[in-house]
Amino acid sequence: MTVAVETGLWQLDATASTVGVQHRTMWGLVNVKGTFGALGGTGEVRPDGSAVGTLTFEVASLDTGNAKRDTHLRGADFFDADHHPRITFAARSAELRDGDQVHVVGQLTVRGISRPLSLTARLTDSDATGLTLDTEFSVDRDQFGMGWNQLGMIRGRTTVTATLRFTRATA
């Protein structure tokens, strides 16, 4: 069954959305998880059914449950929040395929470095007033200038999970 999504402008509902990261550290023994508390975004569903949009995450809002670690992650070794306060994902195209699968092609910008990113999201809820997308994908933090790795403790890719709730934008 293919789900139709209403055309027009959409606004991210930050109170009903979550973006999290997780990464294995300590030589793969510890799984560190965090969430971004300050999110924003807009999108447009075009008459042909395709969509474009932008999401932003405030780096200073990252919370892993450990204040010392959060300060380090926000610092120059990782996200460098003083110079690059936001992470941005610009969706250049999003197309509903195979029922509830949304193929998204865009550009992820972290620390002022932009890289292409394609991912698949799942449309989990859609009606005239709102829609929800779920996705999980991984990124190589080295591609964004976050190569800090004391004693080889941090390896592999970072997993990003997101549940994004969009509502109709008000005029």
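Refer to the structure above for everything that follows.
Just so it is clear, the structure is predicted and the values come from calculations on it, not from any experiment. (Residues numbered from 1 in each chain as written. Predicted model: local features only at pLDDT ≥ 70, side-chain atom pairs only at ≥ 80, totals over all residues. Heavy atoms only, no water.)

So what exactly am I meant to see when it comes to the overall build of the chain here?
Check the secondary structure of the chain and you find one helix and 11 strands. Secondary structure elements of the chain, listed N to C terminal, follow the sequence β-β-β-β-β-β-α-β-β-β-β-β. Counting across all 171 residues of the chain, residues that qualify as buried make up 39%. Once local pairs closer than 6 in sequence are excluded, the contacts in the chain between residues at least 24 apart make up 57%. By element, 52% of the accessible surface of the chain is carried by carbon and sulfur atoms, the whole surface being about 9,300 Å². (Helix = DSSP H or I, 4+ residues; strand = E, 2+ residues; numbered from the N terminus. Buried < 20%, exposed > 50% of the residue type's maximum accessible area, 1.4 Å probe, protein only. Contact = heavy atoms within 4.5 Å. Areas by Shrake-Rupley, 256 points an atom, 1.4 Å probe, with all protein chains shown as cover.)

Honestly, the pairing of strand S5 (residues 51–58) in this entry has me stumped. Any pointers?
Here is the key point about a regular strand: its side chains alternate between the two faces of the sheet. Burial of S5 is one-sided: the residues Ala-51, Gly-53, Leu-55 and Phe-57 facing one way are buried, the residues Val-52, Thr-54, Thr-56 and Glu-58 facing the other way are not. Direction of pairing for strand S4 (residues 39–45) relative to S5: antiparallel, over a ladder of seven bridges. Residue Thr-42 lies in a different strand from S5, and its bridge partner there is Thr-54. A loop of five residues connects S4 with S5, the two strands running antiparallel in sequence, and Gly-49 in this loop sits at a positive phi of about 95°. Two strands pair when backbone bridges link them, and S5 and strand S7 (residues 86–97) are joined in this way by seven bridges, in the antiparallel orientation. Within the sheet, the bridge partner assigned to Leu-55 lies in S7 and is Phe-89. (Pairing = 2+ DSSP bridges.)

Would you take a moment to explain the packing of aromatic side chains for this structure?
Two aromatic rings are characterised by how far apart their centres lie and by the angle between their planes. One pass over the full model with this rule turns up two aromatic pairs. Centre to centre, the rings of Phe-36 and Phe-57 are 5.7 Å apart; their planes meet at 25°, and the pair counts as stacked. Of the two residues, Phe-36 sits in strand S3 (residues 30–36) while Phe-57 sits in strand S5, which places them 21 residues apart along the sequence. The same class applies to Phe-36 as to Phe-57, namely buried. Ring centres of Phe-36 and Phe-79 lie 6.3 Å apart, and the angle between their planes is 80°; this geometry places the pair in the edge-to-face category. In this pair, Phe-36 is assigned in strand S3 and Phe-79 in the loop between helix H1 (67–74) and S7, connecting sequence segments 43 residues apart. (Phe/Tyr/Trp six-rings, centres within 6.5 Å; stacked < 30°, edge-to-face > 60°.)

Help me understand the nonpolar core, please; the structure alone is not making it clear to me.
Generally speaking, nonpolar side chains in soluble globular proteins are found buried as a group. Residues Val-19, Phe-36, Phe-79, Ile-87, Leu-108 and Phe-166 are the most contacted members of the largest nonpolar core, which totals 37 residues. In this structure, Phe-166 is in contact with Trp-10, Gln-11, Leu-12, Asp-13, Thr-42, Leu-55, Thr-129, Gly-130, Leu-131 and Leu-133, ignoring residues within four places of it in sequence. (Core = buried A, V, L, I, M, F, W, Y, C linked by side-chain atoms within 4.5 Å.)

Where do I start with the pairing of S4 in this structure?
The buried fraction of S4 is high, at five of seven residues. Bridging between strand S1 (residues 8–12) and S4 involves four bridges; their strand directions are antiparallel. The residue of S4 that forms the bridge with Trp-10 is Gly-43.

In this structure, what is going on with unusual backbone geometry? I would like to understand it.
What you tend to see is this: most non-glycine residues have negative phi, and most peptide bonds are trans. Although it is not a glycine, Asp-80 sits at a positive phi angle of roughly 50°. Along the chain, Asp-80 falls in the loop between H1 and S7. On the basis of relative accessible area, Asp-80 is assigned to the buried category, the value being 13%. Residues other than glycine seldom take positive phi values, yet Asp-98 does so here, at roughly 50°. Checked against the element boundaries, Asp-98 lands in the loop between S7 and strand S8 (101–110).

Explanation requested: the environment of Leu-123 in the structure shown.
Among the structural elements, Leu-123 can be located in strand S9 (residues 113–126). Judged by relative accessible area, Leu-123 falls into the buried class, the value being 8%. Residues Leu-123 and Leu-133 lie 10 residues apart in sequence; the distance between their C-alpha atoms is 4.7 Å.

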